[in-house]
Amino acid sequence: MAKSPEGEHPHKAFGWAARDPSGALSPFHFSRRENGDEDVTVKILYCGVCHSDLHTAKNEWGFTNYPVVPGHEIVGVATKVGNNVEKFKVGDKVGVGVLVGSCKRCEPCQQDLENYCPKVTLTYNSIGQDGTKTYGGYSDMIVVDQRYVLRFPDNLPLDAGAPLLCAGITVYSPMKYYGMTEAGKHLGVAGLGGLGHVAVKIGKAFGLKVTVISSSSKKESEAINKLGADSFLVTSDPAKMKAAMGTMDFIIDTISAVHPLLPLLSLLKMNGKLVTVGLPDKPLELPIFPLVVGRKLVGGSDIGGMKETQEMLDFCAKHNIAADIELIRMEDINTAMERLAKSDVRYRFVIDVGNSLSQ
Amino acid sequence: MAKLAEEEHPVKAFGWAARDPSGHLSPFNFSRRETGEEDVKFKVLYCGICHSDLHFIKNDFGFSASAYPIVPGHEIVGEVTEVGSKVTKFKVGDKVGMGGIAGGCGSCDNCVNDCTVYCPKLILTYNGIDHDGTRTYGGYSDFMVANENFIVRVPDNIALDGAAPLLCAGITVWSPLKYFGLGEPGKHVGIVGLGGLGHVGVRLAKALGSKVTVISTSPSKKNEALAHLGADSFLVSSDQDEMRAAMGTLDGVIDTVSAVHPISPLIDLLKTNGKLVIVGAPSKPLELPVLPLLLGRKVVAGSGGGGIKETQEMIDFAAKHSITADIELITMDYVNTAMERLAKGDVRYRFVIDIANTLPATKP
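This is a predicted model, so every value here is computed, not measured. (Residues numbered from 1 in each chain as written. Chains lettered and ligands numbered in written order. Predicted model: local features only at pLDDT ≥ 70, side-chain atom pairs only at ≥ 80, totals over all residues. Heavy atoms only, no water.)

Colleague: Give me the overall build of chain A: which residues, what numbers.
Modeller: Counting secondary structure elements, chain A contains 12 helices and 18 strands. For chain A, whose C-alpha radius of gyration is 20 Å, the value lies close to the compact-globule estimate of 21 Å for 359 residues. Dimensions along the principal axes, computed over C-alpha positions, put chain A at roughly 60 × 40 × 35 Å. Per-residue burial over chain A gives 59% buried out of 359 residues. Contacts in chain A between residues far apart in sequence, at least 24 positions, make up 66% of those at least 6 positions apart. Summing over all exposed atoms, chain A offers an accessible surface of approximately 14200 Å²; the carbon and sulfur share of this is 51%. For chain A, the distance from the average site of its 39 positive side-chain charges to the average site of its 40 negative ones is 4 Å. (Helix = DSSP H or I, 4+ residues; strand = E, 2+ residues; numbered from the N terminus. Rg over C-alpha atoms; globule rule 2.2 N^0.38 Å. Buried < 20%, exposed > 50% of the residue type's maximum accessible area, 1.4 Å probe, protein only. Contact = heavy atoms within 4.5 Å. Areas by Shrake-Rupley, 256 points an atom, 1.4 Å probe, with all protein chains shown as cover. Lys, Arg positive; Asp, Glu negative; His and termini not counted. Charge placed at Lys NZ, Arg CZ, Asp CG, Glu CD.)

Colleague: Would you mind going over the interface of chain B and chain A in detail, with residue names and values included?
Modeller: Counting from both sides, the interface comprises 35 residues of chain B and, opposite them, 33 residues of chain A. Summed over both sides, the interface between chain B and chain A buries roughly 2900 Å², with carbon and sulfur atoms accounting for 67% of that surface. Of all residues in chain B, the largest losses of buried area upon contact with chain A belong to Y118, L294 and R297 of chain B, amounting jointly to 26% of the total for that side. Linking chain B with chain A are 7 residue pairs in polar contact (both at pLDDT 80 or more), by the criterion used here. At the level of secondary structure, the elements contributing two or more residues to the side of chain B that touches chain A comprise α4 (169–179), β14 (270–278), β15 (286–288), α9 (290–296) and β16 (299–302) of chain B. Ranked by the residues each element gives to the side of chain B that touches chain A, the list is headed by α9 of chain B, at 6 residues. Within the side of chain B that touches chain A, the residues separate by chemical class into 22 nonpolar, 9 polar and 4 charged. Judged from the 3 bridges that link them, strand β16 (residues 297–300) of chain A and β16 of chain B form a sheet pairing that is antiparallel. When the sheet's bridge partners are listed, V298 of chain A is paired in β16 of chain B with V300 of chain B. (Buried area = accessible area lost by both parts, 1.4 Å probe. Polar contact = N/O pair within 3.5 Å; in protein donor to acceptor, adjacent residues only side chain to side chain. Nonpolar A, V, L, I, M, F, W, Y, C, P; charged D, E, K, R; others polar. Pairing = 2+ DSSP bridges.)

Colleague: Explain the sheet that holds β16 of chain A residue by residue, including any values.
Modeller: An order of β12(A)-β11(A)-β10(A)-β13(A)-β14(A)-β16(A)-β16(B)-β14(B)-β13(B)-β10(B)-β11(B)-β12(B) is seen for the 12 strands of this open sheet, with the pairing classed as mixed. Every interior strand has two partners, whereas the edge strands, β12 (231–234) of chain A together with β12 (233–236) of chain B, have only one. For this sheet, the mean angle separating the axes of adjacent strands, direction not counted, is 20°. Relative to strand β13 (residues 250–255) of chain B, strand β10 (residues 188–192) of chain B runs parallel, the two sharing 4 bridges. In the strand pairing of β13 of chain B, V189 of chain B is matched with G252 of chain B. (Axes fitted to C-alpha atoms, helices over the stretch in contact; angles between N-to-C directions.)

Colleague: How would you sum up the nonpolar core? Please name residues and give values.
Modeller: Nonpolar side chains in soluble globular proteins generally cluster together in the buried interior. If you look at the biggest cluster of nonpolar residues, it comprises 154 residues, and the most contacted ones within it are Y138, M175, M180, L187, I202 and I333 of chain A together with L204 of chain B. Examining the composition of this core, we find that 7 residues originate from one element, strand β3 (residues 39–49) of chain A, more than from any other. Listed in part, the 47 residues of the second largest apolar core include W16, F56, I76 and A338 of chain B. (Core = buried A, V, L, I, M, F, W, Y, C linked by side-chain atoms within 4.5 Å.)

Colleague: Break down the UniProt feature "domain: Enoyl reductase (ER)" (unreviewed entry) in chain A for me, citing the residues and quoting the values.
Modeller: UniProt feature "domain: Enoyl reductase (ER)" (unreviewed entry): in the numbering of this structure it lies at residues 23–351 of chain A. This span, residues 23–351 of chain A, is 26% helix and 27% strand, and a straight line between its end C-alpha atoms measures 17 Å. (UniProt positions renumbered as here; feature names shortened; annotations may be inferred.)

Colleague: Explain unusual backbone geometry residue by residue, including any values.
Modeller: Cis geometry marks the peptide bond from R346 of chain A to Y347 of chain A, where omega comes out at -15°. With respect to the helices, strands and loops of the structure, Y347 of chain A is situated in the loop between α11 (333–341) and β18 (348–351). With an omega dihedral of -15°, the bond running from R348 of chain B to Y349 of chain B counts as a cis peptide bond. Among the structural elements, Y349 of chain B can be located in the loop between α11 (335–343) and β18 (350–353). Non-glycine residue D112 of chain A carries a positive phi angle of around 60°.

Below is the structure:
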């Protein structure tokens with residue numbers, strides 16, 4: 001007979017879970033495994049609220065296995081380390097992102113691309129190597145194999161740095177892979193939310209010219225004055241869109257709603273690359289002609305491997321890049337989710353788990 | 001008042017043109033420019049029929065409307081009859097080839113890097129606007145006058161008629177094989193569609209050392225693909241079991257199919273970091289599922305032709321490896337029938353017009 005979440009593992013744990021597609025989160029008792037030789041036990045201090053958390057809580061992608069404890073932008077303190085763990089010691093500040101396991105043997109795993117392992121274990125809503133369900137960072141503690149734990153740089157703020165564990169790597173990885181690191185090149189960032197605003201900061205740190213592409217002008221002043229974007233393009237302004245045609249080397253498309261690709265493709269120069277990191281719930285329409293006559297491409301990217309995630313954190317620490325956040329208490333999570341659904345946040349909610357999660 | 005085609009330029013020329021979207025081709029008197037300092041004049045021997053020729057004469061792309069009459073043809077092989085005073089690369093008697101590009105701006109990033117095909121001021125071999133503002137006319141004609149930088153030398157040891165399709169079909173598949181790193185030992189590439197582009201693609205990819213899988217809707221082409229063209233394997237795209245077994249096995253897929261078709265199954269065939277390159281030109285947008293792209297860091301790209309340097313490299317390679325297109329040689333006056341058959345895919349695998357031997361007789 002299947003064990004209850006509380007009885008599955010030896011260590012009691014507490015968090016907030018969604019139990020059905022309403023997505024409403026509420027207190028939830030469960031358990032975590034014993035800290036094995038390879039493991040690090042993390043007391044969770046902060047957890048970012050990623051839009052994926054909302055999608056999963058409401059079963060918008062169709063594969064939620066309730067009850068689900070979301071959260072994969074986790075920052076905390078190591079409280080226990082296994083016998084084989086050398087990279088971390090008790091008291092270290094650490095991060096846990098979107099993955100907590102992989103097969104370690106396949107080609108992607110051997111190339112530090114654990115995120116593309118066909119048997120990847122996600123931090124929540126996934127089945128671990130031991131066959132039990134994984135629960136995420138809206139909780140008091142987590143036990144993770146050291147390979148999937150990040151060292152959290154000293155000079156990054158713990159709360160504002162948390163979103164880097166997903167939003168940060170999600171934009172950093174394709175920026176490296178698709179060659180967006182050459183100073184002087186022109187990057188368009190479509191969508192100015194959690195992912196988009198971090199992409200602007202990282203893009204500027206790479207020395208790129210950055211244009212924010214948005215459906216409304218209300219974020220223009222923020223984009224330029226606060227985030228450091230070089231320019232701002234409103235997609236509903238035909239004259240400005242026309243003037244910007246063929247001017248961008250790359251576009252990072254963070255928009256998660258279904259949207260037309262043609263206007264974005266026409267902004268690209270010849271050989272330009274549009275990389276999509278948002279996850280619309282339906283297929284997009286892909287016009288072929290602009291691709292063929294301009295040798296343009298549309299690529300995808302999915303977070304990044306562990307080595308690259310560490311590299312990203314260190315890069316952000318060096319360039320003083322953190323997310324712009326609104327710190328919330330655990331009990332306000334449902335209100336935050338409602339606001340997130342309306343994109344009413346500048347630009348990421350982060351749950352002050354350490355100070356507000358209580359039984 | 002616009003000049004008549006016959007009077008635009010000083011040298012009289014003759015070819016076949018389509019005058020309206022019915023696409024019906026018939027004899028057409030026009031004219032070409034004097035051979036300039038950097039120009040090469042060549043007598044057309046053969047011209048391949050590219051599916052784009054059919055699209056343009058029937059206004060399938062929608063922007064030909066103002067460009068009739070159209071003399072198509074951009075898979076041209078001929079013999080040099082005159083060279084301009086500053087021409088260094090060619091002499092009278094040379095065998096030359098010309099593809100889809102007649103010129104570019106010469107100074108943009110693309111032109112400078114042998115990517116004239118992506119120059120925003122690209123001049124097409126036909127249905128284009130030349131530097132002097134006049135219309136360009138293609139290879140279904142008696143001679144061409146081209147800037148020496150936009151023609152290639154055809155090596156001695158290659159059949160001229162079988163080589164003609166390489167000037168478009170050949171370069172169209174060669175360029176993405178090289179640019180996307182799919183044509184080399186250790187790589188496994190899929191070729192979708194076994195027509196003019198596809199069959200040449202199989203031969204070039206095999207000669208470059210790749211493992212090749214042909215993906216087709218017609219089981220009847222299997223034997224051809226394996227026994228005649230040398231492909232390593234064959235997948236029927238409607239066979240779900242076969243397609244599923246092949247998931248995640250290909251480094252890249254070159255998609256030559258011009259009809260609207262689902263690309264999701266093709267994306268699934270790709271390994272992580274795999275690339276789907278579309279070289280056919282469907283007239284409507286395709287459906288792009290985003291999740292499969294993300295989960296494998298895959299890419300959907302387009303590619304359209306290639307540069308001149310690259311075309312020369314391709315044709316030299318083809319000659320060295322005895323690669324030509326499989327053709328059906330036709331007379332000029334068969335061209336309308338050929339177009340009807342091409343529309344139904346009824347050709348193994350390219351029509352080539354025997355221009356030098358059969359065009360003159362059609363002059364009224």
